[in-house]
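# Fold and contact review
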Amino acid sequence: MLELTGLRCGYAGDIIAVQDLDLTVGEGETFALIGPNGAGKSSTIMAIAGHVSVMAGDIRFRGDSLLGVPVEQRVRRGLALVPEGRRLFPDLTVVENLQVGGYTIPVGRQSALQERVFEYFPRLAQRRTQSAGSLSGGEQQMLAIGRAIMAEPRLLMIDELSLGLMPKVVDMCYSALAQLRTEGLTLLLVEQNTDRVLKFADRVCVLESGRVTWAGIAQAARNDPTFSSRYLGIGDPAGSEP
Ligand SMILES: Nc1ncnc2c1ncn2[C@@H]1O[C@H](COP(=O)(O)OP(=O)(O)OP(=O)(O)O)[C@@H](O)[C@H]1O
Ligand SMILES: [Mg+2]
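The rules behind these values
- Position labels on residues start from 1 in each chain and follow its written sequence.
- Key to labels: chains lettered from A, ligands numbered from 1, both in the order written.
- Given that the model is predicted, a residue must reach a pLDDT of at least 70 before its local features are reported, and side-chain atom pairs must reach 80 or more before they are shown or counted; all residues, however, enter totals for whole chains, interfaces and linings.
- As a rule here, side-chain values come from all non-hydrogen atoms in the structure, and water together with hydrogens is ignored.
- A molecule or strand has a residue near it when one of that residue's heavy atoms lies within 4 Å.
- As used in this structure description, the phrase polar contact means that two N or O atoms lie within 3.5 Å; if the pair is within protein, one of them must be able to donate a hydrogen and the other to accept it, and residues adjacent in sequence are counted only when both atoms belong to side chains.
- Only the protein chains shown count as cover for residues, and the accessible areas themselves come from Shrake-Rupley with a 1.4 Å probe.
- When accessible area is computed with a 1.4 Å probe and restricted to protein chains, residues below 20% of their type maximum are described as buried, those above 50% as exposed, and intermediate ones as partly exposed.
- Under the DSSP-based scheme used, a helix requires at least four consecutive residues in state H or I and a strand at least two consecutive residues in state E, with every element numbered from the N terminus.
- Criterion used throughout: strands pair if DSSP finds at least two bridges between them.
- Any pair of residues with heavy atoms lying within 4.5 Å of one another is described as a contacting pair.
- Only C-alpha atoms enter the line fits that serve as axes; for helices the fit covers just the stretch in contact. Angles between N-to-C directions range over 0 to 180 degrees.

### Regarding the site of ligand 1
As a matter of local geometry, ligand 1 sits amid 14 residues, with G38, K41, S42, S43 and Q192 nearest to it. The contact in question runs from an oxygen atom of ligand 1 to an N or O atom on the side chain of S42, over 2.7 Å. At 3.3 Å from an oxygen atom of ligand 1 is found a side-chain nitrogen or oxygen belonging to E84. Here ligand 1, which alone exposes 630 Å², has 62% of that area covered by the protein.

Set out below in structure tokens:
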């Protein structure tokens with residue numbers, strides 16, 4: 001589904017955010033990208049979505065390179081991103097935000113998609129005419145995911161789904177994702193909530209200072225009591241919670 005080879009990406013002024021990154025995500029897989037602040041997690045998914053410059057290497061999606069492909073074309077090929085901070089249109093209503101998300105989809109299919117979003121997130125259905133800016137943080141995250149789903153993606157990338165949300169709301173978002181992946185959606189999740197994402201993902205890659213420090217199956221990371229202290233700088237080596 002997605003293949004990064006020797007990816008180097010970054011920003012103007014020779015700022016390199018990620019170096020030599022090799023990563024593959026298979027169809028239907030849930031892949032987690034974790035690591036400390038500034039590791040390059042957001043830069044990686046922003047490069048895949050087309051918002052951050054690729055300096056070297058390649059990004060292939062469903063067999064074709066994405067290099068030089070405009071953002072909108074990537075969306076049409078099946079890539080969707082829920083960015084850090086959600087980036088909703090606060091003055092537009094819930095329904096209007098969903099319509100923006102579905103702009104690449106024929107109008108005739110949009111209302112069925114919208115109803116599907118409301119099945120995943122019933123709370124949004126109750127608030128369909130409310131402005132996005134007046135929603136709670138959790139509802140805004142649900143709307144951001146819903147807006148991405150409106151583009152009928154094959155690969156959904158979410159940056160920091162859990163950030164600032166209560167555990168109960170995080171549960172609601174993850175159960176919607178669990179449902180979406182049973183329907184075949186491939187997921188690439190960037191998360192600070194590593195306990196949570198290690199339980200949910202199939203495979204994991206740890207980045208630090210733009211380089212991979214560990215990659216493997218999520219269960220192996222879960223079963224290693226020294227994993228958090230060694231690769232994420234959390235807790236003590238005995239594996240107890242901080
Ligand atoms: N817009 C930008 N302009 C210049 N440098 C940037 C920009 N955004 C990020 N960087 C730099 O790129 C590197 C990687 O940042 P990135 O935001 O990808 O990390 P991250 O793993 O998502 O961190 P966090 O957990 O804090 O969100 C950092 O050194 C950061 O300072
Ligand atoms: Mg980030």
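### A closer look at the pairing of strand β3 (residues 30-34)
With 5 of 5 residues buried, β3 lies mostly within the body of the structure. Both faces of β3 are covered, namely the face carrying T30, A32 and I34 and the face carrying F31 and L33. Pairing of β3 with strand β8 (residues 186-190) involves 4 bridges; the strand directions are parallel. Opposite A32, over in β8, you have L189 as the bridge partner. Summarising the sheet, β3 and strand β9 (residues 203-208) pair through 4 bridges and their orientation is parallel. Across the sheet, the residue bridging to I34 is V206, located in β9.

### A short note on the sheet that holds strand β1 (residues 2-11)
In space, the 4 strands of this open sheet follow the order β2-β1-β4-β5, with antiparallel pairing throughout. Edge positions in the sheet fall to β2 (15-25) and β5 (64-65), since each of these pairs with one other strand and no more. As defined by bridge partners, strand β4 (residues 53-61) adjoins β5 across 2 bridges and the pair is classed as antiparallel. What sits directly across from F61, in β5, is D64. Together, β1, β2 and β4 form the strand contacts of helix α1 (residues 41-49), whose direction differs from that of β1 by roughly 110 degrees.

It is worth stressing that arrangement in space is one thing and function is another; only the former is reported here.
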